[in-house]
Amino acid sequence: MLSVKFPLPVKFVCGLIYADEEIYAKAKKVLEAAFCQIDFESSPSDFNLTHYYDKEMGIPLYRRFLSFTKLYDPSSFVAIKLRCIKIEKKFLLTGRRQVNIDPGYLNEAKFVLTTTKDYSHRIYLGKGVYAEITLHYQNGMFCDLPTTYPDYRTPEYKDVLATIREQYRHQILHECKR
């Protein structure tokens, strides 16, 4: 007999790119109010492997990762991405972003980012939102794909995501026992 199997809930992770710590702190508060309590915050790291945002946001730029206590159904990430875009717009200054919010999720097997830009390796989810598997988990570590962004290839980012993955594994194990 054929049946549909639904996925386990996933861990919501945001990467924020910013130039000003005060703007970051404000965006963090808005994200927490919009979604739920934050259970992980990385240290800031230099965002300098691409110059894509320099003209719009200035330099130097930094990235931090946040994760949230609530686990989400993967299908909710269209709404999450659209909500994050609205939050970015709250921080516009003369038409330029002061913070870039990259929502995504992880589970035991992969780290997925959402985007509004189509490309050959991205899957359309709806309402102008696409998803891409950025890293996959294999042999005890996150591994690159040919399309993985340069910053996500770094041991620093992979270590952060591995820490969040461990939190997720603990959460999902606890939830499955209920």
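This structure is a prediction, so every number in the text was calculated from the model and none was measured.

Draft legend 1. Molecular detail of the nonpolar core. Counting 26 residues, the largest nonpolar core has F12, L16, L31, F35, F68, V99 and I101 as the members making the most contacts within it. At the level of secondary structure, the elements contributing two or more residues to this core comprise strand 1 (10–18), helix 1 (21–34), strand 4 (62–72), helix 3 (77–90) and strand 5 (99–106). If we ignore the near neighbours within four places in the chain, the residues touching V99 are L16, I17, Y18, I23, A27, M57, E88 and F91. In this structure, F40, M57, L161 and Y168 belong to the second largest nonpolar core, which totals 21 residues.

Draft legend 2. Geometry of the pattern of salt bridges. One pass over the structure, following the stated rule, counts 15 salt bridges. Residues K11 and D39 are paired through a salt bridge, measuring 2.4 Å at the closest nitrogen-oxygen approach. In this pair, K11 sits in strand 1 while D39 sits in strand 2 (residues 38–41), placing the two residues 28 residues apart along the sequence. For K11, a relative accessible area of 0% gives the class buried.

Draft legend 3. Just the side chain of D54, in detail. Within the secondary structure, D54 sits in helix 2 (residues 54–57). For the buried D54, no salt bridge exists, and the shortest N-O distance to an oppositely charged side chain is 11 Å, to R97. A distance of 2.7 Å separates a polar atom in the side chain of D54 from a polar atom in the side chain of H51. Not counting residues up to four positions away in its chain, the partners in contact with D54 are I59 and L61.

Draft legend 4. Local environment of the pairing of strand 1. Of all nine residues making up strand 1, nine are buried, and the element is well covered by its neighbours. As defined by bridge partners, strand 1 adjoins strand 4 across eight bridges and the pair is classed as antiparallel. Looking at strand 4, one finds that I17 is bridged to R63. Of the strand pairs in this sheet, strand 1 and strand 5 are connected by eight bridges, and their pairing is antiparallel. Counterpart to C14 in the pairing with strand 5 is P103.

Procedures and definitions
Chains are numbered independently. Their residues run from 1 in the order of the written sequence. Local features are withheld for residues below a pLDDT of 70 in this predicted model, meaning they are given only at 70 or higher, and side-chain atom pairs are given and counted only at 80 or more; totals for whole chains, interfaces and linings count all residues. The basis for every side-chain value is the complete set of heavy atoms in the structure, and neither hydrogens nor water enter the calculation. Only buried Ala, Val, Leu, Ile, Met, Phe, Trp, Tyr and Cys residues count toward a nonpolar core, and they belong to the same one when joined by side-chain atoms within 4.5 Å. Summary of the burial criterion: residues with accessible area below 20% of their type's maximum are buried, those above 50% are exposed, and those between are partly exposed, where the area comes from a 1.4 Å probe applied to protein chains only. The secondary structure listing takes helices from DSSP runs of H or I that are at least 4 residues long and strands from runs of E that are at least 2 residues long, numbered from the N terminus. Should any heavy atoms of two residues lie within 4.5 Å, those residues are counted as being in contact. By convention in these notes, a salt bridge is any Lys or Arg side-chain nitrogen within 4 Å of a carboxyl oxygen on Asp or Glu. This count recognises Lys and Arg as positive and Asp and Glu as negative, with His and chain-terminal groups excluded. Here a polar contact is recorded for every N or O atom pair within 3.5 Å, except that within protein the pair must consist of a potential hydrogen donor and a potential acceptor, and residues adjacent in sequence are included only if both atoms are side-chain atoms. Two strands form a pair only when DSSP identifies at least two bridges running between them.

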